[in-house]
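Chain residues, written in single-letter form:
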Amino acid sequence: MTKMMATRDAYGEALKELGKINKDIVVLDADLSGSTKTAVFKNEYPERFFNVGIAEQSLMGTAAGLAAVGKIPFASTFAMFATGRAFEIIRNSICYPKLNVKIAATHAGLTVGEDGATHQSVEDLSLMRSVPNMTVLCPADAVEAKKSVIKASQYEGPVYIRLGRSKVPVIFNEDYDFEIGKGVEIKAGEDITIIATGIMVSKALEASEVLEKEGISVRVINISTIKPIDEDIIIKAAKETKKIVTVEEHNIIGGLGSAVAEVIVENNPVLMKRVGVEDTFGESGTADDVLQKYGLTVENIVNNARELVSK
Amino acid sequence: MDKYKDIANKLRIDIIKMLEESKSGHPGGSLSACEILTALYFKEMNIDPANPHWEDRDRFVLSKGHGAPVLYAALAEKGYFPKEELNNLRKIDSMLQGHPDMKGTPGVDMTTGSLGQGLAAANGMALAGKLDNKDYKVYALIGDGEAQEGIIWEAAMFAAHYKLDNLIVFLDHNGLQIDGKNEDIMNIEPVDEKFKAFGWHVISIDGHAFEEIFNAIDEAKKVEGKPTIIIAKTIKGKGVSYMEDQVGWHGKAPSKEEAEKAMEELGGVLDD
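As the structure is a prediction and not an experimental result, all values here were calculated from the model.

Here we take up helix H9 (residues 210-222) of chain B. Residue and element names in this part refer to chain B. In this model, H9 (13 residues) spans 19 Å end to end at C-alpha, consistent with the 18 Å of a helix rising 1.5 Å per residue. Of all the positions in H9, only Phe210, Ile213, Phe214, Ala216, Ile217 and Ala220 are classed as buried. In a view along the axis of H9, the buried residues occupy a sector of 160°, so they form one face of it. Exposed residues on H9 whose side chains face more than 90 degrees from its buried face are Glu211 and Lys222. Contact partners of the buried residues in H9: helix H1 (2-22), helix H3 (34-44), strand S2 (138-143), strand S3 (167-173), strand S6 (201-206) and strand S7 (228-233).

Pasting the structure below:
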């Protein structure tokens, strides 16, 4: 039985550890600390936790000021409000002066589920990726999420970490080595490469098993650093397998699919398919039902890969 | 007081000269804040131009970032960088960007320019000071048009909630913004009562009278448990007769002839 854990829970655990070893770490939240799991930090280090209330602009602006005097602030809220409501503060007050702020945004993508389209951010990777100086992380499971948070705290500069609400399979072992900017080949293959990010990595792995049974040799790559993206591993895959499918819980415009396409087109053009949210808003439903309806399924990955291989 | 009046006058001369040279920038809201910046940089703030990153220094955040010329004039006068640098305002490859850039200009404590954001950043700096038991003060200058931004009121709530009595904010209340008078565009009054209701200590002064500025800062430093806002009634374009209280001089640089007329009034000389 695969262990299941939400990446936001790993974030809470990581913060708890970090708070102990680094006194410069402070955490800010906008009235969602129970959901984002920053409450785990609040309970341990209440003097270094600050609730700004339901005020995301203030959240990011205050974080910028804290970083300007040497603190390492983690600012958390839902991905929708972090990157949407506060976009321009992130751009002008955090990224332009390259301040050391970490934005850990939870409830990203469609899997926020029942709350519906207003809360389902399918644009956050695109928004964050387009801002100069920003590093964008999208961990695949709880192990990688925890390591991402710790590595982000050691990196000097703004980092956006995309985290999810739902429990997802734990793919990596504790000895998994996460490095910012490094993609990881998690399954070898020759006929086609599936490049996935975030919670879709486990589905990409499942899809590869289905395809292998049909005699298709599938490489699976986890790209958890959306920016700066690991060009080498993508170009190598394009050269060796000739065909690429990207998979993300995000609009197919502007996120992983676009980032991979940019690398491939400029270096080694091959046929590609992007699996993701097809430029539409989501809707209410359980996380699984929403993923199913909007095509973020093993079946859809398999179909796209199969079609591409037959071309 | 003559000493400070002299410095404020020098800042005005430098503002006009740099704007004429760059042919771009915001004179009105720079000239209205000359006494405030003179008071801060030449009397009140505990700073060291030779060591701009000294961690115990007082901080200043120019939230109304388009007032950059008065900040640059004050920093140059204080010795953070050579005065000749002022000639490069808004030019390509210059350290003096159109709006303040903390990573490019020595002495600039926060990158600002998009209105409202500086006050939230000042909150973060003041909060860090509290957290580290530091004695430094954080000063910020906001504009009255800027007070229409939602983030100003988010930040106002925050500063009072976290009892940031090490934060002293000036409101440069000249009554004008790009499109006209505050009261015609979007009334902010009664702005003093608004801040009071948000939990701030509020002091109202004439923003061109040094004695009132100094007294207000002294009073603010004694306040415990709440942030202070000093509502400084000012005249946009102060010191240059044809610019005073004229909304048209919000974001327009003077021509050579206009700058020469300003120099006559201020007792300065335009460079060739």
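Attention now goes to the interface of chain B and chain A. With 25 residues of chain B at the contact, the number on the chain A side is 25 residues. Carbon and sulfur atoms supply 62% of the area that chain B and chain A bury against each other, a total of about 2000 Å² over both sides. Counting the surface chain B buries against chain A, the share from its top three residues, Gln117, Leu131 and Glu154 of chain B, is 26%. If you look at where chain B meets chain A, you find one salt bridge. Note that Lys71 of chain A is salt-bridged to Asp132 of chain B, the shortest N-O span being 2.6 Å. Between the two partners, chain B and chain A, sit ten residue pairs in polar contact (both at pLDDT 80 or more). For the side of chain B that touches chain A, the secondary structure elements donating two or more residues are helix H5 (117-131) and helix H6 (150-161) of chain B. Broken down by element, the residue count for the side of chain B that touches chain A peaks at nine residues, all from H5 of chain B. The residue makeup of the side of chain B that touches chain A, split by class, is 13 nonpolar, six polar and six charged.

This part is about the packing of aromatic side chains. Residue and element names in this part refer to chain B. Following the criterion strictly, the structure yields 14 aromatic pairs over all chains and no others. Centroid distance Tyr41 to Phe60: 5.7 Å. Interplanar angle 80°. Geometry classified as edge-to-face. Taken together, the residues span a long stretch of sequence, with Tyr41 in helix H3 and Phe60 in strand S1 (residues 59-62) at a distance of 19 residues. As far as the burial class goes, Tyr41 and Phe60 line up, both buried. Measuring from centroid to centroid gives 5.2 Å for Phe195 and Trp200, while their planes differ by 75°, and the two rings are edge-to-face. Take Phe195: its relative accessible area is 0%, and that puts it in the buried class. An aromatic cluster of at least three residues, connected via ring pairs, comprises Trp153, Phe195, Phe198 and Trp200.

A word on the sheet that holds strand S14 (residues 271-277) of chain A. Residues and elements named next belong to chain A. Read across the sheet, five strands follow the order S9-S11-S10-S13-S14 without closing on themselves; strand pairing throughout is mixed. The two strands at the open ends of the sheet, each matched to only one other strand, are strand S9 (184-187) and S14. Across the sheet, the mean angle separating the axes of adjacent strands is 25° when strand polarity is ignored. Where S9 and strand S11 (residues 218-222) come together, three bridges link them in antiparallel fashion. Its bridge partner lying in S11, Val184 is registered against Asn222. On top of the sheet, helix H11 (residues 256-267) reaches strand S10 (192-196), strand S13 (243-251) and S14; it is set at about 150° to S13, its chief contact. The sheet strands contacting helix H13 (residues 298-310) are S10, S13 and S14, and the helix crosses S14 at an angle near 165°.

Further remarks concern the nonpolar core. Counting residues in each nonpolar core, the largest one holds 143 residues, and the members touching the most others are Met60 of chain A together with Tyr41, Phe60, Phe195 and Trp200 of chain B. If we skip the residues at most four places from it in the chain, Tyr41 of chain B touches Ile47, Phe60, Leu71, Ala74, Leu75, Lys78 and Gly107 of chain B. One finds Ala10, Phe178, Val220 and Val277 of chain A within the second-largest nonpolar core, a separate group that totals 57 residues.

All names here are of chain B. Remark: H3 packs on H9, axes separated minimally by 10 Å, with the N-to-C direction vectors making an angle of 60°. Of the possible angle classes, the one that applies to H3 and H9 is oblique. Regarding H3 and H9, the two cross each other, and that crossing is right-handed. Only Phe210, Ile213, Phe214, Ile217, Asp218 and Lys221 of H9 make contact with H3, whose side of the interface consists of Glu35, Ile36, Thr38, Ala39, Leu40, Lys43 and Glu44.

This part is about helix H10 (residues 256-266) of chain B. Residue and element names in this part refer to chain B. Ala259, Ala262, Met263 and Leu266 are the residues of H10 that are buried. All buried residues of H10 lie within an arc of 105° about the axis, which places them on one face of the element. Across H10 from its buried face, at more than 90 degrees, point the exposed residues Glu257 and Glu264. Along its buried surface, H10 packs onto H1. Positive backbone phi, approximately 80°, marks Gly267, located one or two places after H10.

All names here are of chain B. Strand order across the open sheet formed by five strands is S1-S2-S3-S7-S6, with parallel pairing between neighbours. Because the sheet does not close on itself, it has two edges, and the strands there are S1 and S6. Each strand of the sheet is rotated relative to its neighbour by a mean of 20°, with strand direction disregarded. Pairing analysis gives six bridges linking S3 to S7, with the strands arranged parallel. When the sheet's bridge partners are listed, Leu171 is paired in S7 with Ile231. The strands touched by H3 are S1, S2, S3 and S7; relative to S2, the strand with the most contacts, the crossing angle is about 170°.

Let us look at the confidence of the model for chain B. On average, chain B scores 97 in pLDDT, and the residues at 70 or more come to 100%. Interface scoring of the predicted complex returns ipTM 0.96; its pTM is 0.97.

This next bit is on the packing of helix H1 (residues 7-21) of chain A against helix H8 (residues 142-154) of chain A. Geometry of a packed helix pair, given as the angle between the helix axes and the separation of the axes. Residues and elements named next belong to chain A. Relative to each other, H1 and H8 sit at 40°, their axes nearing to 8 Å. Between H1 and H8, the interaxial angle falls into the category oblique. Between H1 and H8 lies a crossing of right-handed hand. From H1, Thr7, Ala10, Tyr11, Glu13, Ala14, Glu17 and Leu18 reach across to H8, where they touch Ala142, Ala145, Lys146, Val149, Ile150 and Ser153.

Rules and cut-offs
- Residues numbered from 1 in each chain as written.
- Chains lettered and ligands numbered in written order.
- Predicted model: local features only at pLDDT ≥ 70, side-chain atom pairs only at ≥ 80, totals over all residues.
- Heavy atoms only, no water.
- Helix = DSSP H or I, 4+ residues; strand = E, 2+ residues; numbered from the N terminus.
- Expected span 1.5 Å × (residues − 1).
- Buried < 20%, exposed > 50% of the residue type's maximum accessible area, 1.4 Å probe, protein only.
- Arc of directions from axis to C-beta.
- Contact = heavy atoms within 4.5 Å.
- Buried area = accessible area lost by both parts, 1.4 Å probe.
- Salt bridge = Lys/Arg side-chain N within 4 Å of Asp/Glu carboxyl O.
- Polar contact = N/O pair within 3.5 Å; in protein donor to acceptor, adjacent residues only side chain to side chain.
- Nonpolar A, V, L, I, M, F, W, Y, C, P; charged D, E, K, R; others polar.
- Phe/Tyr/Trp six-rings, centres within 6.5 Å; stacked < 30°, edge-to-face > 60°.
- Pairing = 2+ DSSP bridges.
- Axes fitted to C-alpha atoms, helices over the stretch in contact; angles between N-to-C directions.
- Core = buried A, V, L, I, M, F, W, Y, C linked by side-chain atoms within 4.5 Å.
- Parallel < 35°, antiparallel > 145°, perpendicular 65-115°, else oblique.
- Left-handed = near helix turned anticlockwise from the far one by under 90°.
- pLDDT = per-residue confidence, 0-100.

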